[in-house]
Amino acid sequence: MSKLRCVKGMHDILPEDMPKWHYLENCYRNLVSDYGYEEIRTPILESLDLFVRGIGESTDIVEKEMYAFEDKGNAKLALRPEGTASVIRAFLQNNLEALTPVSKLYYIGPMFRRERPARGRYRQFYQAGAELIGIEDATADAELIGMAVTFVKTLGIQNVNVQINSLGDPETRPAYRNALVQFFSKKKEQLCNDCVRRLDTNPLRILDCKVEACSIAAQEAPNVFDYLSDDAHSHFSDLQQLLSLHDVNFTVVPTMVRGLDYYTRTIFEIQGGADILGAQSTIVGGGRYNGLVKQLGGRNTPTIGFAFGIERLLLLLGDNAKESVKPTVFVAGVGEGGLERTIRVSRQLRNCNFKVEAPYKNGSLRSQLKRADKSSAVVAVIAGADEALQNAVTIRNMQNGEQQIVPLDELEPKIRELM
RNA sequence: GUGAGAAUAGUUCAACGGUAGAGCCCCGGCUUGUGGUGCCGGUUGUUGCGGGUUCGAAUCCCGUUUCUCACCCCA
């Protein structure tokens, strides 16, 4: 008998995991709202075309990792593989640019990529991200990177490594690309099979190849910085100056590239937890995409953003990084009319905003206290027949077993004392 | 997409060709007005799934699914 289970690469997030999720999400919401970001939620399903145009036809994500299909009306749809394209679509569709000169948007939600699952990598995974739309200055880049670094550090993740690079502008990129193709074509025999393929599809990626032969071959490859426009150059050096104002320590990695076509100028990654995450040690990735808004049909609007994978980040959190759980009050009933009294007392206590568990059926006080113990109640309220005669209940401190009889109208303050 | 390892009770694991077991968890009782510790008792499996070898398979072989790890790629 095969048990029903969720599809490959998907996973359930169980109640026991939620305190950590809530903690992380609350940290993130609080932090980005301190920087003036507001939440946006977009549909999980978009037209396939949005991602093909936004992310790039020849990217791995679009080429082989998307859940794309036709619905019954023959519309070509896809589950979103990342958040940025959808956010920019929503920005344009709803004319958010008319509201403020600068839009700061953040999102949290599930993304879908059909990859081989591994530790910290799922086919449905949760990403949170932020987009700063409308500023081209490096001040924006620096603030956004600073925000991402602050977030990771707020979570208590140590030993993070911030890497930055500049990819230049669309006008200069072809020249650099050509230079790379020319350079590597001469060294084709030294390259791994993947890189030979990349020569056609994405020559920049060769620089980032981990195969030793390739990285040796790449050592004398043309340098991006020789191909940056003056503007891009000063943008990048401004960024480096400004990052120190945000107390961000960083490394310039000229060979770093990123998997999405839309990046221009600044790209960055935050790495950490290589001992736990192995090959998945990039925890935050982002960059500038000045061309994307126009590419999706809007006006030329410079934009920068980042995203991080929640599952991956969660693996790095310590056990104390979780939302605190409200203590429980258990209401037990004994004697004639016990069950009815538990209902009345439970309602009274919930009106006072306590978290209350009640027994649902008559049983011995012993079995009810066992249940109280299982629900890790801090206080048990015993609504017994004897006390009821004086309009009172017994409250029991579940830590030390101390009890007292308390009139019903003094119940709230007496319980508060024990929490 | 490539390569490697794993899968036995709710859970952690044992059994390594000869009757599938233990700890924990869970449930009940000792104790229907007093939980945790204690004692007594109880439930639990087509050994992931499908096939093959064998008198006999959890065990050996093949396939398959899922998970894990390393690539690839990315968050």
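Residues numbered from 1 in each chain as written. Chains lettered and ligands numbered in written order. Predicted model: local features only at pLDDT ≥ 70, side-chain atom pairs only at ≥ 80, totals over all residues. Heavy atoms only, no water.

Enquirer: Can you help me understand the sheet that holds strand β10 (residues 282-288) in this one?
Expert: Remark on secondary structure: sheet strands pair via backbone hydrogen bonds, oriented parallel or antiparallel. One open sheet holds the 8 strands; their spatial order is β1-β5-β6-β11-β10-β9-β7-β8, and the pairing between them is mixed. For this open sheet the edge positions go to β1 (38-39) and β8 (250-252), each flanked by a neighbour on one side alone. One ladder, built from 2 bridges, connects β1 with strand β5 (residues 103-112); its direction is parallel. Paired with Glu38 across the bridge in β5 is Leu105. The strands that helix α9 (residues 230-245) touches are β7 (161-166), β8, β9 (264-271) and β10; relative to β7, the one it contacts most, it runs at about 160°. (Pairing = 2+ DSSP bridges. Helix = DSSP H or I, 4+ residues; strand = E, 2+ residues; numbered from the N terminus. Contact = heavy atoms within 4.5 Å. Axes fitted to C-alpha atoms, helices over the stretch in contact; angles between N-to-C directions.)

Enquirer: Teacher, can you tell me more about helix α2 (residues 48-55) here?
Expert: Residues three or four positions apart in an α-helix share a direction because the helix packs 3.6 residues into each turn. Taken as a whole, α2 has its buried residues at Leu50, Phe51, Gly54 and Ile55. For α2, the angular spread of the buried residues around the axis is 90°, confining them to a single face. In this structure, the buried residues of α2 make contact with β2 (45-47), α3 (60-64), β4 (76-79), α4 (84-93) and α11 (292-295). (Buried < 20%, exposed > 50% of the residue type's maximum accessible area, 1.4 Å probe, protein only. Arc of directions from axis to C-beta.)

Enquirer: Would you take a moment to explain the domain arrangement of chain A for this structure?
Expert: Interfaces are frequently sized by the accessible area removed from exposure as the parts join. Partitioning chain A into domains gives domain 1 (15-172 + 228-314) and domain 2 (328-418). Look at where the C-alpha atoms of domain 1 and domain 2 centre, and you get two points 50 Å apart. (Domains from an automatic or database assignment.)

Enquirer: Can you help me understand unusual backbone geometry in this one?
Expert: What is expected of a backbone is that most residues other than glycine have negative phi and most peptide bonds are trans. Positive phi is not limited to glycine here, since Asn95 has a value of about 50°. For Asn95, the position within the fold is in the loop between α4 and β5. For Asn95, a relative accessible area of 46% gives the class partly exposed. We note that Tyr360 has phi near 70°; this positive angle belongs to a residue other than glycine. Looking at the element boundaries, Tyr360 is found in the loop between β13 (355-357) and α14 (365-374).

Enquirer: I would appreciate a short explanation of the environment of Gln93 in the present structure.
Expert: Inspection of the secondary structure puts Gln93 in helix α4. When the C-alpha positions of Gln93 and Gly297 are compared, they lie 9.8 Å apart, and in sequence the two are 204 residues distant.

Enquirer: Just to check I follow, could you spell out the pattern of salt bridges for this structure?
Expert: Opposite charge on two side chains permits pairing when their charged atoms draw close. All told, the structure shown has 12 salt bridges when counted by the stated rule. The salt bridge partner of Arg29 is Glu39, with a shortest N-O separation of 2.6 Å. Pair noted here: Arg29 is in helix α1 (residues 18-34) and Glu39 is in strand β1, with a separation of 10 residues, a long-range link. A residue is classified by how much of its surface remains accessible, and Arg29, at 22% relative accessible area, is partly exposed. Note on Glu39: relative accessible area 30%, which makes it partly exposed. (Salt bridge = Lys/Arg side-chain N within 4 Å of Asp/Glu carboxyl O.)

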